[in-house]
Amino acid sequence: MNRLEYLQDQALRAERLAKSITDTLTVERLQSFAAECRRQIKLIAGTADPIVRAPRPHQMSRVELAHPAHG
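A short tour of the structure in this document, coming up.

Definitions and cut-offs
- Residues numbered from 1 in each chain as written.
- Predicted model: local features only at pLDDT ≥ 70, side-chain atom pairs only at ≥ 80, totals over all residues.
- Heavy atoms only, no water.
- Helix = DSSP H or I, 4+ residues; strand = E, 2+ residues; numbered from the N terminus.
- Expected span 1.5 Å × (residues − 1).
- Buried < 20%, exposed > 50% of the residue type's maximum accessible area, 1.4 Å probe, protein only.
- Arc of directions from axis to C-beta.
- Polar contact = N/O pair within 3.5 Å; in protein donor to acceptor, adjacent residues only side chain to side chain.
- Axes fitted to C-alpha atoms, helices over the stretch in contact; angles between N-to-C directions.
- Parallel < 35°, antiparallel > 145°, perpendicular 65-115°, else oblique.
- Left-handed = near helix turned anticlockwise from the far one by under 90°.
- Contact = heavy atoms within 4.5 Å.
- Nonpolar A, V, L, I, M, F, W, Y, C, P; charged D, E, K, R; others polar.
- Salt bridge = Lys/Arg side-chain N within 4 Å of Asp/Glu carboxyl O.

### Description of helix α1 (residues 3-19)
At step 1: Between its terminal C-alpha atoms α1 stretches 25 Å, which fits the 24 Å expected from 17 residues at 1.5 Å a residue.
At step 2: What α1 keeps buried is the set L7, Q10, A11, A14 and A18. Buried positions in α1, seen along its axis, are confined to an arc of 100 degrees and lie on one side of it. Along α1, the residues that are exposed and aim more than 90 degrees away from the buried face are R16 and K19.
At step 3: Between the side-chain oxygen of the N-cap and the backbone nitrogen of L4 there are 3.0 Å, and the N-cap of α1 in question is N2.

See below:
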C-alpha cells in the first residue's frame, strides 16, 4: 500500500467512524483528521495550490480518537 492509498483509507475510515459516533468532540476530531488526510492526498497528487501551505499533519493517535480527553 503506497502513501496515497494509506491516506485515502484513513480518511474513509475516519469519515465512516464519525457517522456512527454521538460524541461531538470525537466526531470533530475524526472529521479534522479526515480533512487533513485529504489535504495530504492533494499535496502528494500535486493538485493543491503551491502557494497555500498545508498545516502540519495532525498527530492524533488511534487511542485518542477512540477515547477523547474529557474536560
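### A word on the packing of α1 against helix α2 (residues 24-45)
At step 1: Contact pair α1 / α2: the axes reach a minimum separation of 8 Å and the direction vectors enclose 155 degrees. Looking at the two axes, α1 sits roughly antiparallel to α2. In the packing of α1 onto α2, the handedness of the crossing is left-handed. Of α2, the residues touching α1 (which contributes R3, L4, L7, Q8, Q10, A11, L12, A14, E15, L17 and A18) are V27, L30, Q31, F33, A34, C37, R38, Q40, I41 and I44.
At step 2: The residue makeup of the contact of α1 with α2, split by class, is 14 nonpolar, four polar and three charged.

### Some remarks on the pattern of salt bridges
At step 1: Counted under the stated rule, the structure contains three salt bridges.
At step 2: Of the charged contacts in the structure, one is a salt bridge between R13 and D9, with a shortest N-O distance of 3.1 Å. Of this pair, R13 and D9 are both found in helix α1, four residues apart, which corresponds to roughly one turn of the helix.
At step 3: On the accessibility criterion, R13 (41% relative accessible area) is partly exposed.
At step 4: Note that E36 and R39 form a salt bridge whose closest N and O atoms lie 3.1 Å from each other. Placement of both E36 and R39 in helix α2 is noted, with a separation of three residues, approximately one turn of the helix.
At step 5: The class for E36 is buried, based on a relative accessible area of 5%.
At step 6: The class for R39 is partly exposed, based on a relative accessible area of 35%.

It is worth stressing that arrangement in space is one thing and function is another; only the former is reported here.
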